[in-house]
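Coordinate inspection notes
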Amino acid sequence: MKKNLHSSLLTKNNIGNVSEEDHFQRKKYLEAVKSFARLTYESIYVIDYSDMSFEYVSENPLFLCGHSPEEVLEMGYEFYFRNVPEKDLELLAQINDAGFDFFQKLLFEEKKLYSITYDFHLINKDGRKVLINHKLTPLFLTNEGKMWKSMCIVSISNQKQAGNISIQKQGSDEIWFLDPENNNWIKSEKPKLTKRETEILRLHAQGLTINQIAERIFVAPDTVKYYRRRIFERLGVSNMVEALSYAVNSKII
């Protein structure tokens, strides 16, 4: 089984040699990535598909699983095989296949507008599993339109289990969800919130209580509770933590 997983993960987007023209793209771009990593609480790393290596790994401990950034850089793709449970490796292989199949069908000039997000477990050195959310977007493409480098962002997942695979296009409300059983993408649209619902969500993000929000917008606390229920229904979540996570990740607020 491991051999098949290695084959799928390592060969689906194996681009081989990179031309000098392609290499010209990378000039000093890592400085911008490092700057971004210093500004965010999330883990940042860069994949180079030409040799299945990691070109950069930030110091945030979440993704490192107890290793140093240098150790993770040295491991490259082997990091996944060491620190992801077998069941989730199977999931990653499926995501890899379906994701690159989706990507290859896109117009060249639009490929960089798309990003994919999903959840899987990492295993720390002490054997403890942590469910993380993983986002990936293209950094550089080859002349043939293959993904050469991608930037990945890792944060704590707000979900209860692995999976939850979706692709979004920048500047669009369109979103595609992967049906794991049938291995096909289902097109949908981001849920929309009213101005009042968005306002209440943002006030919750600021740490205000229901009573404080009611005072701020001059309504009764029960009215705030009503809007909260509406928000949960629209976003398909069950509490405010999940609602805020969904809204931020989906760029609703």
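This write-up is about the structure you can find in this document. (Residues numbered from 1 in each chain as written. Predicted model: local features only at pLDDT ≥ 70, side-chain atom pairs only at ≥ 80, totals over all residues. Heavy atoms only, no water.)

Considering helix 9 (residues 210-217)
Taken together, the buried positions of helix 9 are occupied by I213, A214 and I217. Viewed along the axis of helix 9, the buried residues span an arc of 105°, placing them on a single side of the element. On the buried face of helix 9, the contacting elements are helix 8 (195-205) and helix 10 (221-235). F218 occupies a position one or two residues after helix 9 and carries a positive phi of about 60°. (Buried < 20%, exposed > 50% of the residue type's maximum accessible area, 1.4 Å probe, protein only. Helix = DSSP H or I, 4+ residues; strand = E, 2+ residues; numbered from the N terminus. Arc of directions from axis to C-beta. Contact = heavy atoms within 4.5 Å.)

A short note on the pattern of salt bridges
Enumeration according to the criterion identifies twelve salt bridges in this entry. Residue E55 pairs with K149 through a salt bridge whose shortest N-O separation is 2.8 Å. With a gap of 94 residues between them, E55 in strand 2 (residues 53-57) and K149 in strand 5 (residues 147-156) connect regions that are remote in the sequence. When sorted by exposure, E55 lands in the same class as K149, which is buried. Two residues, R196 and E199, come together in a salt bridge whose shortest N-O distance is 2.9 Å. Taken together, the residues R196 and E199, both in helix 8 and three residues apart, mark about one turn of the helix. You can call R196 partly exposed: its relative accessible area is 28%. Among the residues examined, E199 registers a relative accessible area of 33% and is labelled partly exposed. Each of D48, E55 and K149 takes part in a single network of salt bridges with overlapping partners. (Salt bridge = Lys/Arg side-chain N within 4 Å of Asp/Glu carboxyl O.)

Re the environment of E144
As for its position among the elements, E144 is in the loop between strand 4 (129-141) and strand 5. For E144, a relative accessible area of 67% puts it in the exposed group. Between the C-alpha atom of E144 and that of I15, which follows or precedes it by 129 residues, the distance is 9.4 Å.

Regarding the nonpolar core
Residues Y45, I47, F54, F63, F79, Y80 and W185 are the most contacted members of the largest nonpolar core, which totals 44 residues. It is helix 7 (residues 86-104) that contributes the most residues to this core, eight residues altogether. What F54 contacts, discounting residues up to four positions off in sequence, is Y45, V46, I47, F63, V72, L73, G76, Y77, F79 and Y80. Counting residues in hydrophobic clusters, the runner-up holds 18 residues, among them A214, V224, L244 and A247. (Core = buried A, V, L, I, M, F, W, Y, C linked by side-chain atoms within 4.5 Å.)

Focus on the state of the cysteines
Applying the stated rule across the entire model yields zero disulfides. Of the cysteine sulfurs around C65, a residue in no disulfide, the closest is that of C152, at 14 Å. Taking relative accessible area as the criterion, C65 reaches 0% and is therefore assigned buried. Relative accessible area serves as the criterion here: at 0%, C152 is assigned to the buried category. (Disulfide = S-S within 2.5 Å.)

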